[in-house]
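Residues per chain, in single letters:
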Amino acid sequence: MKLFTGLVFCSLVLGVSSQGWFSFLGQAYDGAKDMWRAFSDMREANFKNSDKYFHARGNYEAAQRSPGGVWAAEVISDARENIYGRAADLFRHGDSGHGVADSMADQEANRHGRSGGDPNIYRPPGLPDKY
């Protein structure tokens, strides 16, 4: 936990070095809201095979906020996949490694969105236009 806290703090300091703290933190807050909106939409849609689209969309929208949004998207995505994802896989599938490929695909969608890639390449056919 200390290592994780140290890494988060260091990445925050490095991300803020080129701009003011308040600006960076505002972007990070707005980026976190973008990530939450994508997560909420994913839960609401409850649409088969849409997971990667919502991962990419949340990261894409957060990254549009500039460095603070990129930082928030990366921290939230990594925490979700590395902490929640591993625990959920263990309880659902035991130590089978079943969720590892899915987690890696989620991370690829996260990186794609954060780098400015079009999230619609992950959009499944038939997903309502609302999303």
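It should be noted that the structure appears before, not after, this text.
Bear in mind the structure is a predicted one, so any value in this text is a computation, not a measurement.

K.L.:
Explain the packing of helix α3 (residues 51-63) against helix α5 (residues 100-114) to me, please; I cannot follow it from the model alone.
P.N.:
Relative orientation and spacing of two packed helices are given, respectively, by the angle between their axes and the distance between those axes. Look at α3 against α5: their axes get within 7 Å of each other, and the N-to-C directions meet at 35 degrees. For the element pair α3 and α5, the recorded crossing hand is right-handed. Between α3, through D51, K52, H55, A56, N59, Y60 and A63, and α5, the contact on the second element is made entirely by D102, A105, D106, A109, N110, G113 and R114. Across the contact of α3 with α5, the residue classes tally to five nonpolar, four polar and five charged.

K.L.:
Can you help me understand unusual backbone geometry in this one?
P.N.:
If a residue is not glycine, its phi is most likely negative; likewise, a peptide bond is most likely trans. With phi around 45 degrees, N46 is a residue other than glycine that occupies positive phi space. In this fold, N46 is placed in the loop between α2 (21-45) and α3. By relative accessible area, which is 68% here, N46 ends up exposed. Even without being glycine, S66 reaches a positive phi, approximately 85 degrees. Here S66 is to be found in the loop between α3 and α4 (67-93).

Rules behind the numbers
- Residues numbered from 1 in each chain as written.
- Predicted model: local features only at pLDDT ≥ 70, side-chain atom pairs only at ≥ 80, totals over all residues.
- Heavy atoms only, no water.
- Axes fitted to C-alpha atoms, helices over the stretch in contact; angles between N-to-C directions.
- Helix = DSSP H or I, 4+ residues; strand = E, 2+ residues; numbered from the N terminus.
- Left-handed = near helix turned anticlockwise from the far one by under 90°.
- Contact = heavy atoms within 4.5 Å.
- Nonpolar A, V, L, I, M, F, W, Y, C, P; charged D, E, K, R; others polar.
- Buried < 20%, exposed > 50% of the residue type's maximum accessible area, 1.4 Å probe, protein only.

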